[in-house]
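Spelled out, the chains give:
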Number of protein chains: 2
Amino acid sequence: MSTNGYHVAVLGATGAVGQQMLKTLEERNFPVSKLTLLSSERSAGKKVLFRGEEHIVQAASPEKFEGVQIALFSAGGSISKIFAPEAVKHGAIVVDNTSAFRMAQDVPLVVPEVNEEDLKLHKGIIANPNCSTIQMVAALEPLRKAHGLNKVIVSTYQAVSGSGAAAIEELKTQSEAILSGKDFTPEILPVKGDKKHFQIAFNAIPQIDKFEDNGFTFEEMKMMNETKKIMHMPELEIAATCVRIPVETGHSESVYIELDSDHVEVTEIRELLKEAPGVTLQDDPSAQLYPMPADCVGKNDVFVGRIRKDPDRANGFHLWIVSDNLLKGAAWNSVQIAESLVQLKLV
Amino acid sequence: MSTNGYHVAVLGATGAVGQQMLKTLEERNFPVSKLTLLSSERSAGKKVLFRGEEHIVQAASPEKFEGVQIALFSAGGSISKIFAPEAVKHGAIVVDNTSAFRMAQDVPLVVPEVNEEDLKLHKGIIANPNCSTIQMVAALEPLRKAHGLNKVIVSTYQAVSGSGAAAIEELKTQSEAILSGKDFTPEILPVKGDKKHFQIAFNAIPQIDKFEDNGFTFEEMKMMNETKKIMHMPELEIAATCVRIPVETGHSESVYIELDSDHVEVTEIRELLKEAPGVTLQDDPSAQLYPMPADCVGKNDVFVGRIRKDPDRANGFHLWIVSDNLLKGAAWNSVQIAESLVQLKLV
């Protein structure tokens with residue numbers, strides 16, 4: 001470790017996640033000796049505050065990574081594909097929050113509470129998993145470790161901020177239009193650039209990202225494939241249904257799991273999650289205590305509640321998992337990876 | 001059948017479901033020779049239009065059921081418990097939309113597409129199932145019939161209108177308050193009369209109805225127990241997670257099922273549902289065609305899409321089931337039961 005910190009770059013510094021990354025670096029007091037803020041040509045020249053100092057955002061180009069030690073990327077997959085190899089060539093370690101490299105064999109896909117050790121195998125690029133995957137594996141890993149895990153069926157209730165600032169704006173303006181009886185035209189959701197767009201206000205859209213040939217969406221496939229990779233369980237049975245609902249921030253998940261053991265009770269699941277790193281247990285039906293997206297916003301943890309034993313299978317359990325998709329789902333997990341790199345002396 | 005129709009009573013005539021019942025009786029041109037509209041003392045005296053004629057709503061009392069042949073009840077479980085036996089004593093057949101008698105052994109619990117024949121066993125009271133149960137069993141029955149069914153895992157995305165007119169109002173006023181940065185105090189949801197109330201606008205609440213000792217809510221237990229009764233499958237493995245989302249009308253369900261047969265493909269599931277009574281197939285990923293609550297409002301059918309074969313189990317399938325909770329989930333299923341009673345010459 002350099003004695004006074006690291007030269008950190010943030011690519012996508014003006015976006016929703018980029019802004020949260022800067023906020024999180026501040027809050028965690030991450031040792032930043034120099035900060036380089038990068039963006040598209042369009043956002044270049046904008047001014048951003050970090051620790052009270054003004055930084056000017058520059059248009060990304062390969063030479064901007066000169067001297068950079070840690071580069072946090074969150075500017076879209078196509079941008080990552082261009083600039084990640086360039087940053088690595090210049091000696092930086094890239095923590096990439098897009099799907100560009102997640103399934104590449106030589107790229108660790110990391111949730112520090114689950115597979116921090118995989119960081120040691122990095123070859124310059126480390127991938128930050130999909131938001132809905134991160135919160136699920138953080139909650140399931142303590143259960144897998146204790147009792148084995150063999151099946152996961154998950155249905156998501158995902159916030160619009162996962163689709164960017166324009167989707168947040170669309171939810172607000174559509175909600176206002178509907179409440180005041182005005183007309184509106186959906187333009188962003190479910191997927192910017194897809195053929196059709198649908199109302200999200202006071203609606204639920206069972207499509208996140210584009211469809212694959214097997215009828216699952218890319219978001220669903222991400223949850224399925226990334227979970228297997230992060231947990232080192234290629235044999236895990238897992239299926240996802242991903243749904244967008246009219247929530248600004250905070251993803252929720254209804255998760256059914258089957259453990260290897262038939263001899264686990266709800267009380268033990270609760271104990272395991274109470275002790276688990278990065279997890280907050282909120283599970284007391286008698287006090288109507290359970291996680292909700294409106295309560296998780298701005299918090300780094302993954303919240304778990306509604307834990308029930310399946311009425312039919314002794315190894316089956318149902319859980320409700322909620323987290324801030326911009327923090328643990330994106331910015332916080334990326335910064336956490338950077339912290340792990342420092343702690344493991346990998347940077 | 002009386003040549004010119006039946007004396008029909010609607011109890012709860014001024015409520016959200018009662019109003020839909022009257023609208024549905026009109027639309028279906030149900031043979032009503034005389035109409036008696038009943039309510040609580042509070043709503044008595046209100047005037048309601050039916051087929052262009054004004055009817056005055058009367059306070060319910062036992063003698064009001066004199067001469068009534070078919071009584072549609074939707075005024076809450078405690079009201080049903082008082083008046084259903086009275087109506088039966090006066091010779092009426094009661095179609096009850098509350099949970100008061102659903103699990104009673106001598107009360108048929110009927111979704112006409114699934115178990116119309118059970119009506120023949122009635123002893124005066126027929127129960128209309130829970131809204132989220134009805135739409136699910138209507139979609140699953142054709143699959144069970146063709147290939148057997150042994151497991152169901154369902155996560156719901158339920159509209160606030162299932163909780164009544166006050167909950168609709170709460171969603172609207174809260175949404176307005178949040179959009180304009182004003183304060184608000186949740187007063188109705190998740191459960192009127194429970195200890196705590198939570199924000200529903202731009203949020204998701206994983207509680208519908210009160211909690212049972214086993215950690216499931218009463219709504220979840222309703223889905224589980226009623227499905228077994230309607231489908232005559234006490235041995236069915238089924239578990240539900242019920243969640244309220246900020247949608248006014250239209251329940252959605254993410255459903256995982258396991259069939260008895262290992263040799264079914266998605267194309268056949270689609271064919272079965274295309275032919276199924278009361279079901280509309282909306283399943284074409286390439287055209288972004290899938291059901292959504294905003295599209296189902298005002299329609300009697302159950303809409304099914306997002307049909308996928310489970311990646312791990314040959315007998316496993318995932319479906320997305322949407323329906324208007326006030327129509328097929330309540331008013332239309334009740335009127336449909338009345339139509340079946342006529343057709344089967346049971347009234």
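As recorded in an unreviewed UniProt entry, chain A goes by Aspartate-semialdehyde dehydrogenase and comes from Metabacillus indicus. The Function (unreviewed entry) field of the UniProt record for chain A holds the comment "Catalyzes the NADPH-dependent formation of L-aspartate-semialdehyde (L-ASA) by the reductive dephosphorylation of L-aspartyl-4-phosphate."

Asker: Got a minute to help me understand the environment of Thr98(A) in this structure?
Answerer: Residues and elements named next belong to chain A. Following the sequence through the fold, Thr-98 ends up in the loop between strand S7 (93-96) and helix H3 (112-115). Given the relative accessible area of 6%, Thr-98 is considered buried. Separated by 58 residues in the primary sequence, Thr-98 and Thr-156 place their C-alpha atoms 20 Å from one another. With residues up to four places along the chain from it excluded, the contact list for Thr-98 reads Ala-75, Gly-76, Gly-77, Ser-80 and Asn-128. Among the polar contacts made by the side chain of Thr-98, one reaches the side chain of Asp-96 at a distance of 2.9 Å.

Asker: What's the story with the domain arrangement of chain A in this structure? I'm lost.
Answerer: Size of an interface: often given as the accessible area lost when the parts come together. All names here are of chain A. Split by domain assignment, chain A resolves into domain 1 (6-128 + 330-343) and domain 2 (133-325). Taking only C-alpha atoms into account, the centre of domain 1 sits 25 Å from that of domain 2. Contact residues are listed per partner, giving 15 residues for domain 1 and 16 residues for domain 2. Taken over both partners, the interface formed by domain 1 and domain 2 buries close to 1500 Å², and the fraction arising from carbon and sulfur atoms is 64%. The interface formed by domain 1 and domain 2 holds one salt bridge in total. A salt bridge links Arg-102 to Glu-226, with the shortest nitrogen-to-oxygen separation between them at 3.1 Å. Here domain 1 is connected to domain 2 by six residue pairs in polar contact (both at pLDDT 80 or more).

Asker: Can you walk me through the UniProt feature "binding site: substrate" (unreviewed entry) in chain A in this structure?
Answerer: Residues and elements named next belong to chain A. With numbering matched to this structure, UniProt assigns "binding site: substrate" (unreviewed entry) to Gln-158 and Arg-244. Sequence-wise these annotated residues cover 87 residues; spatially they are packed, their C-alpha atoms never more than 4.7 Å apart. Assignment of secondary structure puts Gln-158 in the loop between strand S9 (149-157) and helix H5 (165-179). Judged by relative accessible area, which is 1%, Gln-158 ranks as buried. Leaving out residues up to four positions away in the same chain, Gln-158 has contacts with Ser-132, Ile-208, Glu-219, Cys-242, Val-243, Arg-244, Ile-245 and His-251. Note on placement: Arg-244 falls in the loop between strand S10 (237-241) and strand S11 (251-259). Residue class for Arg-244 comes out buried when judged on its relative accessible area of 4%. Every residue in contact with Arg-244, bar those within four places of it in the chain, is listed here: Gln-158, Ala-159, Val-160, Gly-162, Ser-163, Leu-189, Ile-200, Asn-203, Ala-204, Ile-205, Ile-208 and His-251.

Asker: Just to check I follow, could you spell out the nonpolar core for this structure?
Answerer: Looking at soluble globular proteins, one finds that nonpolar side chains tend to be buried together. Among the nonpolar cores identified, the biggest contains 58 residues, and Val152(A) and Ile257(A) are the most heavily contacted of them. Shared between two domains, this core takes at least three residues from each, and those domains are domain 1 (6-128 + 330-343) and domain 2 (133-325) of chain A. Leaving out residues up to four positions away in the same chain, Val152(A) has contacts with Met136(A), Leu140(A), Leu236(A), Glu237(A), Ile238(A), Ala239(A), Val255(A), Tyr256(A) and Ile257(A). Membership of the second largest hydrophobic core comes to 57 residues, among which are Leu109(B), Ile238(B), Cys242(B) and Val264(B).

Asker: Got a minute to help me understand the relation of the copies chain A and chain B in this structure?
Answerer: For the pair of chain copies, the relating transformation is a rotation about an axis with a translation along it. At an RMSD of 0.0 Å, chain A and chain B line up after a rotation of 180° and a shift of 0.0 Å along the axis. Both copies are brought into coincidence by an operation consistent with a two-fold rotation axis. A shared interface surface links the copies, since 100% of the contact residues of chain A are contact residues in chain B too.

Asker: Looking at this model, I keep getting lost on the sheet that holds strand S6 (residues 70-73) of chain A. Mind explaining?
Answerer: By way of backbone hydrogen bonds, the strands of a sheet pair with one another, either parallel or antiparallel. Residue and element names in this part refer to chain A. The parallel open sheet is built from six strands, whose spatial order is S5-S2-S1-S6-S7-S8. Here the strands that pair on one side only, and so sit at the sheet edges, are strand S5 (58-59) and strand S8 (125-127). This element, helix H9 (residues 327-343), spans strand S1 (6-11), S6, S7 and S8 of the sheet and lies at about 150° to S7.

Asker: What is the right way to look at the interface of chain A and chain B in this model?
Answerer: Across the boundary between the two partners, chain A contributes 62 residues, which contact 62 residues of chain B. Summed over both partners, the interface of chain A with chain B comes to about 5100 Å²; 58% of that surface belongs to carbon and sulfur atoms. Three residues, Phe202(A), Gln288(A) and Arg306(A), lead the burial of chain A against chain B; their summed loss comes to 13% of the area buried on that side. For the pair chain A and chain B, the interface holds eight salt bridges. Salt-bridge contacts for Glu220(B) lead to Arg306(A); the nearest nitrogen and oxygen are separated by 2.7 Å. The interface formed by chain A and chain B contains 34 residue pairs in polar contact (both at pLDDT 80 or more). Secondary structure elements with two or more residues in the side of chain A that touches chain B: S9, H5, helix H6 (218-230), S10, S11, helix H8 (293-296), strand S13 (302-309) and strand S14 (316-323) of chain A.

Reading guide: rules and limits
- Residues numbered from 1 in each chain as written.
- Chains lettered and ligands numbered in written order.
- Predicted model: local features only at pLDDT ≥ 70, side-chain atom pairs only at ≥ 80, totals over all residues.
- Heavy atoms only, no water.
- UniProt positions renumbered as here; feature names shortened; annotations may be inferred.
- Helix = DSSP H or I, 4+ residues; strand = E, 2+ residues; numbered from the N terminus.
- Buried < 20%, exposed > 50% of the residue type's maximum accessible area, 1.4 Å probe, protein only.
- Contact = heavy atoms within 4.5 Å.
- Polar contact = N/O pair within 3.5 Å; in protein donor to acceptor, adjacent residues only side chain to side chain.
- Domains from an automatic or database assignment.
- Buried area = accessible area lost by both parts, 1.4 Å probe.
- Salt bridge = Lys/Arg side-chain N within 4 Å of Asp/Glu carboxyl O.
- Core = buried A, V, L, I, M, F, W, Y, C linked by side-chain atoms within 4.5 Å.
- Least-squares fit on C-alpha atoms with pLDDT ≥ 70 in both.
- Pairing = 2+ DSSP bridges.
- Axes fitted to C-alpha atoms, helices over the stretch in contact; angles between N-to-C directions.

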